[in-house]
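# Overview (structure and organization)
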Amino acid sequence: MLRLEGLRAGYGPVTVLQDVSLEVNAGEVVTIVGGNGAGKTTTLRAICGLIRPQGGRITVDGRDTSRLAPPEIVDLGITMIPEGRQLFPFMTVRENLMLGGFKPAARARIPERLEEVLTLFPRVRERMTQLAGSLSGGEQQMVAIARGMMANPRLLMFDEPSLGLAPLIVKQVFQIIDTVVASGTTVLIVEQNIVHTLQIATRGYVLENGRVAMSGPGPELLRDPHVKKAYLGV
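Conventions used here
Residues numbered from 1 in each chain as written. Predicted model: local features only at pLDDT ≥ 70, side-chain atom pairs only at ≥ 80, totals over all residues. Heavy atoms only, no water. Axes fitted to C-alpha atoms, helices over the stretch in contact; angles between N-to-C directions. Helix = DSSP H or I, 4+ residues; strand = E, 2+ residues; numbered from the N terminus. Parallel < 35°, antiparallel > 145°, perpendicular 65-115°, else oblique. Left-handed = near helix turned anticlockwise from the far one by under 90°. Contact = heavy atoms within 4.5 Å. Nonpolar A, V, L, I, M, F, W, Y, C, P; charged D, E, K, R; others polar. Pairing = 2+ DSSP bridges. Expected span 1.5 Å × (residues − 1). Buried < 20%, exposed > 50% of the residue type's maximum accessible area, 1.4 Å probe, protein only. Salt bridge = Lys/Arg side-chain N within 4 Å of Asp/Glu carboxyl O.

## As for the packing of helix α3 (residues 93-100) against helix α5 (residues 110-120)
Interaxial distance between α3 and α5 falls to 11 Å at its minimum, and their mutual angle equals 120°. Regarding the angle of α3 to α5, the classification is oblique. Crossing geometry of α3 relative to α5 is assigned as right-handed. Residues Arg-94, Leu-97 and Met-98 of α3 form the contact with α5, whose participating residues are Ile-110, Leu-114 and Leu-118. In terms of residue class, the contact of α3 with α5 is made up of 5 nonpolar, no polar and 1 charged.

## Considerations on the environment of Arg-45
Summarising the element assignment, Arg-45 is placed in helix α1 (residues 40-48). C-alpha separation for the pair Arg-45 and Gly-10, spaced 35 residues apart in sequence, amounts to 9.7 Å. Contacts of Arg-45, omitting those with residues within four sequence positions, involve Tyr-11, Leu-50 and Ile-51.

## Structural notes on the sheet that holds strand β9 (residues 203-208)
Strand order across the open sheet formed by 6 strands is β6-β7-β8-β3-β9-β10, with mixed pairing between neighbours. Sheet topology places β6 (78-81) and β10 (211-216) at the edges, where each strand pairs with a single neighbour. Going across the sheet, the axis of each strand differs from the next one's by a mean of 20°, ignoring polarity. Of the pairings in the sheet, the one linking β6 to strand β7 (residues 155-159) comprises 4 bridges and is parallel in character. Residue Ile-78 lies in a different strand from β7, and its bridge partner there is Leu-155. Lying on the sheet, α1 is in contact with β3 (29-33), β6, β7, β8 (186-190) and β9; it crosses β7 at an angle near 145°.

## Looking at the sheet that holds strand β2 (residues 14-24)
With antiparallel pairing, 4 strands are arranged side by side in an open sheet as β2-β1-β4-β5. Strand pairing shows two members of the sheet lacking a second neighbour, β2 and β5 (63-64), which therefore form its edges. Those strands touched by α1 are β1 (2-11), β2 and β4 (55-60), and its axis lies near 110° from that of β1.

## Quick look at helix α7 (residues 137-149)
Given a rise of 1.5 Å per residue, 13 residues ought to cover 18 Å, and the 19 Å separating the end C-alpha atoms of α7 matches this to within 8%. The element α7 is largely enclosed, with a buried count of 12 among its 13 residues. Here α7 has its buried residues at Gly-138, Glu-139, Gln-140, Gln-141, Met-142, Val-143, Ala-144, Ile-145, Ala-146, Arg-147, Gly-148 and Met-149. Against β6, α3, α5, α6 (122-126), β7 and α8 (167-182) lie the buried residues of α7.

## As for the side chain of Gln-141
Counting through the fold element by element, Gln-141 comes out in helix α7. Using a relative accessible area of 2% as the deciding quantity, one classes Gln-141 as buried. When sequence neighbours within four positions are dropped, the list of residues in contact with Gln-141 reads Ile-81, Arg-85, Pro-161, Leu-165 and Val-173.

## Comments concerning the environment of Gln-172
Relative to the assigned elements, Gln-172 resides in helix α8. C-alpha separation for the pair Gln-172 and Met-142, spaced 30 residues apart in sequence, amounts to 9.3 Å.

## As for the pattern of salt bridges
Inspection of every chain in the model, using the stated rule, returns 11 salt bridges. Across the pair Arg-127 and Glu-126 runs a salt bridge, and its minimum N-O distance is 3.6 Å. Where salt bridges share partners, they join Arg-123, Glu-126, Arg-127 and Glu-139 into one cluster.

Structure, rendered in structure tokens:
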């Protein structure tokens, strides 16, 4: 489905990613882990078209998407749940969800998709008339995920979904991600809290200084001595 080949990307004259290659196949859960500044978020931003690659290729189903605009990439079925949730705080939960279904292909079946999403997230159904900014951090994350699913994505990408949340809420968020995975959606997740993500990952990639330092099945990476020492303090 998604393939990165020798990707280089960054901001202005600063190159963050250097020769990053990875792939995500339909039905997989793939995770990218690494420390602060490793290039995890930059990878997702390049996939979404928010920054232009400096070199290499990004392909979706064999089509080069390196020069496509973000709306065109969304039309291909790629959606990201951004770091910090990025909801519209003075709009209701319903209005935020409607924006998630804005692309033409999704707009045609908004009522049906809305019911599917609210079935997955009953807490969101209870909050539909509230302003998004009035919700707790955990509830806002639920709304952000539900909004992303309104686009009926083939690939749903998560950028640091547990960032800034209390431990109990983090557990709830990962339960939600498990629900998304169980629904059959292909998932690419960037997360510093690596234990749960590697446990459920078909494949994981460890980014260090903008390069893929190692990759393999998630549970195997979790047992790797370097990963344990560098990221778990073991």
